[in-house]
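Structural overview
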Amino acid sequence: METSSSFRWPSSDTIPSNFILPENKRPHLSQVAALSSIPIIDLKNYTGDVPDSLLLEKISHACEEYGFFQIINHGIPEDLCNRMMDAIAKLFESMPPEERKQFFTTDLTKQVKLFNYYINTDSANSRDKVQMWSESFSHPWHPTDDMCHLLPGNPPDYREVFGEYAKEIYQLMNKLMRLISQGLGLEKDCLKKRVGENPSLKSQANYYPPCPEPELTLGLNVHTDLNALTVLRQSPGVTGLQVIKDGEWVAVDFAPNAFVINLGDQIQVLSNGRYKSVHHRAVTNKEQRRVTLAMFYEPNRDSVIGPIEELVDEHHPPLYRNYRYSEFQDEFFRQVGTRRMVKEAFQF
């Protein structure tokens, strides 16, 4: 099903058939582990370029075992984060129809877009699609360049607050890239240099309305992130993100004023498989709408990605071939509508 810019979420007690997943693709929420979640790491005492060994040990363990962790005491003002999330909610809930029409597209290669994800339920018939119970809005960002002309004029405060937020997130991303590099035993700037001096920076806001039948659908399908690093902000008090750990789904519980940090496929390749980019998904709930904002840090199309030489030896042979990031992106879009297995296409 292709949706239109005039689409509005159903308000009945049942969901339309085009949102209902086949039995084998449904979330089976009762089977989600409730007693464990991803690590929460406190950055309060990390103020310079020389982290203590315990912090690096925690970062490395989280990257090896989970591919996800949450951070607290990260230095970004909570008020700014709240204003950003409020602006995103307004964007989805009150953007005028004529402006929605301007941004809505089914072409996922467009830079600025309002869109819906879907999955193919029958690989032999690509027209047999089920829509995800969400809407997404994506656009590029930069910590210093003014991109206001690309962004919607409604809500009025979106452009201003996003500019403030982007500057703060970029500094946090640099800090995280240093910590992740040092956790691998590498120089602090190693990963940043390998990703490239001119990274591609993108954002994606996701809106998940309350769903009358959460067991029948998903907010976002199972996937890994194709980029290097994702910094995610979630709505306060609403759980929806789930990650795979030891073959089971684990709910990522909300932590006050925390960011969820997610390693993307490029970190797994650069670390020669030591650090993990794991499958995750978003589920829905009956009571509350959920909003998230993912900020992506990824190579530019010309960057060459492959296992870092210092992490390869006779006991750890290279698991992936070198490739240009443009090749990886092309493979990503080739697998649209499926449970993507993109980095696997570059394995030896």
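Structural data are supplied above this passage.
All of these numbers come straight from a predicted model, not from anything done at the bench.

**Considering unusual backbone geometry**
It is generally the case that most residues other than glycine have a negative phi and that most peptide bonds are trans. Between asparagine 154 and proline 155 the backbone carries a cis peptide bond, its omega angle lying at 0°. For asparagine 73, which is not glycine, the phi dihedral falls at a positive 55°. Residue asparagine 73 is classed as partly exposed on the basis of its relative accessible area, which comes to 41%. Positioned with a positive phi, asparagine 257 is a non-glycine residue whose angle comes to about 50°. Within the secondary structure, asparagine 257 is located in the loop between strand S11 (248-251) and strand S12 (259-263).

**Description of the pattern of salt bridges**
One pass over the full model with this rule turns up 14 salt bridges. Here arginine 26 ties to glutamate 23 by a salt bridge, and the two come within 3.1 Å at their closest N and O atoms. Of the residues examined, arginine 26 reaches a relative accessible area of 22% and is grouped as partly exposed. Taking the relative accessible area as the measure of exposure, glutamate 23 reaches 47% and is therefore partly exposed. A salt bridge links arginine 83 to aspartate 79; the nearest nitrogen and oxygen atoms lie 3.3 Å apart. Within this pair, arginine 83 and its partner aspartate 79 are both found in helix H2 (residues 78-94), separated by four residues, close to a single helical turn.

Conventions and cut-offs
Residues numbered from 1 in each chain as written. Predicted model: local features only at pLDDT ≥ 70, side-chain atom pairs only at ≥ 80, totals over all residues. Heavy atoms only, no water. Buried < 20%, exposed > 50% of the residue type's maximum accessible area, 1.4 Å probe, protein only. Helix = DSSP H or I, 4+ residues; strand = E, 2+ residues; numbered from the N terminus. Salt bridge = Lys/Arg side-chain N within 4 Å of Asp/Glu carboxyl O.

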